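Okay, here's what each chain looks like letter by letter:
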Amino acid sequence: MGRPFLLHLEGNAYSCRSCKVHLALAKDLISKAFHCRSGRAYLFDRVVNVSLGPLEERLMTTGSHTVSDVLCNRCNRVVGWRYEEAVEKDQKYKEGKFILGRAEITDSRCGPFGSDMSGSDCE
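Residues numbered from 1 in each chain as written. Predicted model: local features only at pLDDT ≥ 70, side-chain atom pairs only at ≥ 80, totals over all residues. Heavy atoms only, no water.

**Brief notes about unusual backbone geometry**
Although it is not a glycine, K20 sits at a positive phi angle of roughly 75°. In this fold, K20 is placed in the loop between β1 (13-16) and β2 (22-25). For K20, a relative accessible area of 48% corresponds to the partly exposed category. (Helix = DSSP H or I, 4+ residues; strand = E, 2+ residues; numbered from the N terminus. Buried < 20%, exposed > 50% of the residue type's maximum accessible area, 1.4 Å probe, protein only.)

Listed below in structure tokens is the structure:
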């Protein structure tokens, strides 16, 4: 297997905390009001430089969902998941969208989350 083809994103990008490869643009951020096992998480409409794991059923606080883990194409680290199917009607908007755990990503404007960025809009 050769070296993976990776896209470089222009603009404010979120990157893998481990290997710094670009994963998503700030303009594709839908919401910062999500949670995952490691804490806060962000919902994105589009991500790049990732591959998807196998489908699995997960019972989450908002109901049952079919999801697949999202893995960074460079370092193969799990950085979040993709909603494949939602059972509840009011959760259908998540289908095809991506969750990236805040602990797994960095923001190109701010550096790693958890840095002292007081007075900025990086939180």
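Continuing now.
**Section: the packing of aromatic side chains**
Taken as a whole, this structure holds three aromatic pairs when the rule is applied. Ring geometry for Y14 versus Y42: centroids 5.9 Å apart, planes at 80°, classification edge-to-face. With a gap of 28 residues between them, Y14 in strand β1 and Y42 in strand β4 (residues 39-44) connect regions that are remote in the sequence. Each member of the pair Y14 and Y42 is classed as buried. Judged by centre distance (6.1 Å) and plane angle (80°), the rings of W81 and Y83 are edge-to-face. Pair check on accessibility: W81 and Y83 agree, each one buried. Joined through ring pairs, the aromatic side chains of Y14, Y42 and F44 make up one cluster. (Phe/Tyr/Trp six-rings, centres within 6.5 Å; stacked < 30°, edge-to-face > 60°.)

**Some remarks on the pattern of salt bridges**
Within the structure shown, the criterion is met by eight salt bridges. Between R58 and E56 there is a salt bridge whose closest N-O contact spans 3.0 Å. Here E56 falls in the partly exposed class, since its relative accessible area comes to 33%. For E95, the salt bridge identified is with K92, shortest N-O distance 3.3 Å. Assessed through its relative accessible area of 35%, K92 is described here as partly exposed. Through salt bridges with shared partners, a single network forms among K27, D28 and R46. (Salt bridge = Lys/Arg side-chain N within 4 Å of Asp/Glu carboxyl O.)

**Details of the pairing of strand β6 (residues 63-72)**
In terms of burial, β6 is a largely internal element, eight of the ten residues being buried. Note that strand β5 (residues 50-60) and β6 share nine bridges and pair antiparallel. From the neighbouring strand, E57 faces β6, where its bridge partner is T66. The turn linking β5 back onto β6 is made up of two residues. In this structure, β6 lies alongside strand β7 (residues 78-86), joined through seven bridges in antiparallel fashion. What sits directly across from L71, in β7, is V78. Connecting β6 to the antiparallel partner β7 that follows it, the hairpin turn spans five residues, and N76 within it adopts a positive phi of roughly 65°. (Pairing = 2+ DSSP bridges.)

**Description of the state of the cysteines**
In the structure shown here, the tally under the stated rule is zero disulfides. Left unpaired, C16 is separated from the closest cysteine sulfur, that of C75, by 3.6 Å. Cysteine C72 shares no disulfide, and the gap to the nearest cysteine sulfur, in C19, comes to 3.5 Å. (Disulfide = S-S within 2.5 Å.)

In short, the description is geometric, and any link to function would need to be established separately.
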